[in-house]
Amino acid sequence: GSGQTVRTRARARRRAAAPGRAVRGAWAMGTTWSTDGAAPAADGEAAQSAQGAGAAPDSTERSAPAPAATPSPAAPAPAPSRAVPAPSTPPVKKAEQPKPADKPAAAVAATKGAAAPLGGSAALLAKMRAQKAASAASAAPSGASAGTPAGAPVALTGSAAILAKMRAQKAASAPKPEAKPMPTFFLYGSQTGTCEEIAKNLAGEAASRGVNVGGGTAMEMNALKMPDLAVQAGAIVVVVSSTGDGDAPDNCANAVQKLKGTKLGPELFAGVPFTTLGLGDSNYTKFMEVPRVVRRRLEHYGGKHFYPSAEADEVDGIEGIVEAWTEGLWEPLKKVLAERSTNATTPAGGAGGKSAAKPGKPAVAVKAPLKWLDAAEAKAARAAQAEARAAAVAAVAGDGKYSKSAPLAALVSAKRDLTSDASHADGRRVVHMEISAPEGSTLAARPGDSLGLLPANDPALVERLLARLGVEADKEFSAGEAYPACTAREALSRRLEICGAVRKSTAKTLALFCTDAAEGADMQALVGDKARFRTEVTDARCDLLALLERFPSCAPPLAVVLEAVPALAPRYYSLCNDPQVAEDGACHVAFSIVEGGVATNYLDGLVAGEATVEVFVNSGGAFAHPDDDLAAPLVMIGPGTGVAPFRGFLQRRAKLAEEKGVEPGPAWLFFGCRRRDHDFLYGDEMEAGFDGALTRLEVAFSREGEEKVYVQHRMRAAGEELYEKLLECGETGRIMVCGDGAAMAKDVHAELESSLSAAALKAMKEEGRYVRDIWS
């Protein structure tokens, strides 16, 4: 033939002669044949006929047929090798190929019935498979079947086995995730700021001890949804008080309501460690009501105490109990957190995403960064803020149920002194103020409620503090939801508690911003020394400006001041009238002017008929006139401004008696003051008897005789007449007490116990017939 045919045949002869080289020709599917006498490598496809050459299983490449090799007549035919077991993976079908040309008859005769030997890489692969199969067979337990049971997993071989081994080694050598403690949430419910301060102190100390603090700082109870808290918390520490007669503080009322409800899952807090610190005043009828509700409901939902809860009574002083409870908290907390450590799936800092501070350095948690606004940004932010405020007020305007977050701007319609000039010279001044809702609005109030007023700080103090901080007074900024649009002057005037003694948590944070190392060390030492701090700061009423002037190098940024200084809290004053009786529906309050006081001095400076004040109504709860039982005897005890709610009670009692056409039951009032001509508050009205609603008035003028006489002495003098009437009234008579809890309330309580017996007074308290509205 042609030269092309000669060259093709020569290449074929060279391939056939080369040891281990596969001869490709007839494309037997799935089988590789070679010329070294080895059996075909079984790869899941059936062995093809020896008629011609086969194709490698991973190739569809075509080549010319090879000429037959004629064996020596004396040479015996090679014995077929034992086939290697097929892998379990199903064969991959190849595309059907056209049949090759027939081979010469001599080639067919030479290869028929014999297996062609494997060569090269195919031989090496076959050898590895055979060794693996042999070792597997030798390792099989005695009596095991030589075959592979149906459905049993088959060991990986070859490159697949090597890859699997490499993956296993990589997985074994990979560093395991570092276990991190779950965050501890320090939550508070606080009306006056005391619980908030304690909780923030705890969170700051926890961070300095390396504890992961949820949210980066202490949080209001209302700030987190209960299901979220249950999932995220490694432990929960709650510091909470009651307000009024067993009511929840505003910043935890929603959370407490949720806990008291039935919509939460029965095992929501299953296994979640918690502890509580309750603050209360045993002068109140429902002492520790809210702290105990929180504790019981967390237990109800599966929470477990990791450290005993504590209760601190304002009457006995809370400091000793709080300090002892705090000192014992840390070891149990760290122990339970170690037990509940988890892989790092929760962001450091829990819900707030803030990491714990390094041990030895207190946390400075700023909830939202401060951003200075340009004119356009400020205008837009103010407009949005005004719109949101208007919407919040409009939502409650219909029923008059305004709140701290949505107060009513009401007019100061009247104001007068209740005390004489002689009393003022003696250092006591009491002011009567009337506050009227604007036309189209109303304040839903009744006798026994209190009026919450949002005060402002002394403007002169604000200016001095602005100068000391060195900030632009009227430049607009934003800082999260709390300050969508504000100025430094506005924040210091109406948003922050800058008067009064600096709290320890505030001083602890400010100490970090002393540029002079010696001053910083002294300030931290002051914070760390309990006795020294009490003497030099708390008892001395060292306010924020005085503290900063004492440490001149202390230069905190405005953002830190906004976070470290407590919010300016509303002040509450007992309603001293029945607005339904007043001609204009105004709400009346009476307050004593306190030297250095924020609210009373602010209110005293308001001009009647011109000024407005932001107000809302706070329910008195159980401290209310018994409208449904006018026949029941009523004993009211209220010296000083404690008489205020009883003026409203008697106005309402007279009005209801007239409307119903009935004669009310006996109503006694025990009032106390210094002198008749000094501070006999509402004396003319009381002596007039409120149109017969007041059946007996007993007044103790403490400074008019040689010996001081107080209301409890007048009660004792009433003797059998008073107590027999109370005892004769069976289950209907009521005793109501209002006023100072530091001395008066305890003395009155002791007198009632001695005359009625402790058991009788306890029963009346449990039945809601002995109710007190006391302040410390």
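Just above sits the structure.
Residues numbered from 1 in each chain as written. Predicted model: local features only at pLDDT ≥ 70, side-chain atom pairs only at ≥ 80, totals over all residues. Heavy atoms only, no water.

Observations concerning the overall build of the chain
Next up, step 1: Check the secondary structure of the chain and you find 26 helices and 22 strands.
Next up, step 2: Residues counted as buried form 44% of the 776 residues belonging to the chain.
Next up, step 3: Across the chain, every contact between residues at least 6 apart in sequence was considered, and the portion connecting residues at least 24 apart equals 78%.
Next up, step 4: When the accessible area of the chain is evaluated, it comes to approximately 38,500 Å², of which 53% is carbon and sulfur surface. (Helix = DSSP H or I, 4+ residues; strand = E, 2+ residues; numbered from the N terminus. Buried < 20%, exposed > 50% of the residue type's maximum accessible area, 1.4 Å probe, protein only. Contact = heavy atoms within 4.5 Å. Areas by Shrake-Rupley, 256 points an atom, 1.4 Å probe, with all protein chains shown as cover.)

A few points about the packing of helix α25 (residues 744–756) against helix α26 (residues 758–766)
Next up, step 1: At a minimum axis distance of 6 Å, the contact between α25 and α26 shows a crossing angle of 115°. Touching His749, Leu752, Glu753 and Leu756 of α25 are Ala758, Ala760, Leu761 and Met764, all from α26. (Axes fitted to C-alpha atoms, helices over the stretch in contact; angles between N-to-C directions.)

Notes on the pattern of salt bridges
Next up, step 1: Tallied over the full model, the rule gives 33 salt bridges.
Next up, step 2: One salt bridge in this structure joins Glu490 and Arg382, with 2.9 Å as the shortest N-O distance. In this pair, Glu490 sits in helix α14 (residues 488–495) while Arg382 sits in helix α11 (residues 375–397), placing the two residues 108 residues apart along the sequence.
Next up, step 3: A salt bridge links Lys655 to Glu659; the nearest nitrogen and oxygen atoms lie 2.5 Å apart. Separated by 4 residues within a single helix, Lys655 and Glu659 lie in helix α21 (residues 644–660), roughly one turn from each other.
Next up, step 4: Salt bridges sharing partners connect three or more residues here, namely Asp522, Arg532, Glu536 and Arg550. (Salt bridge = Lys/Arg side-chain N within 4 Å of Asp/Glu carboxyl O.)

Considering the nonpolar core
Next up, step 1: Counting residues in each nonpolar core, the largest one holds 39 residues, and the members touching the most others are Ile498 and Leu547.
Next up, step 2: It is helix α13 (residues 459–469) that contributes the most residues to this core, 5 residues altogether. (Core = buried A, V, L, I, M, F, W, Y, C linked by side-chain atoms within 4.5 Å.)

Some thoughts on the sheet that holds strand β17 (residues 612–618)
Strand-to-strand pairing in sheets goes through backbone hydrogen bonds, with the strands running parallel or antiparallel.
Next up, step 1: Across the sheet, 6 strands lie side by side as β15-β12-β17-β10-β11-β16; this open sheet has antiparallel pairing. Either end of the sheet is taken by a strand with one partner, and the two such strands are β15 (571–574) and β16 (587–592). When strand polarity is set aside, the average angle formed by the axes of neighbouring strands in this sheet is 40°. (Pairing = 2+ DSSP bridges.)

Here's the deal with the sheet that holds strand β13 (residues 477–479)
Next up, step 1: Spatially, the 3 strands line up as an open sheet ordered β9-β13-β14, and their pairing is antiparallel. Every interior strand has two partners, whereas the edge strands, β9 (371–372) and β14 (483–486), have only one.
Next up, step 2: Strand direction decides the pairing type here: β9 and β13, joined by 2 bridges, are antiparallel. From the neighbouring strand, Lys371 faces β13, where its bridge partner is Ser478.

Considering the pairing of β14
Next up, step 1: Bridging between β13 and β14 involves 2 bridges; their strand directions are antiparallel. Following the sheet pairing, Phe477 is matched in β14 by Cys486.
Next up, step 2: Hairpin remark: β13 followed by β14, antiparallel, with 3 residues in the connecting loop; positive phi at Gly480, about 75°.

Regarding unusual backbone geometry
Next up, step 1: One non-glycine residue with positive phi stands out, namely Arg541, at about 55°.
Next up, step 2: The residue Arg541 is located in the loop between α17 (530–538) and α18 (544–550) in this model.
Next up, step 3: Judged by its relative accessible area of 53%, Arg541 falls in the exposed class.
Next up, step 4: Residue Ser757 is not a glycine yet carries a positive backbone phi of 90°.
Next up, step 5: For Ser757, a relative accessible area of 34% puts it in the partly exposed group.

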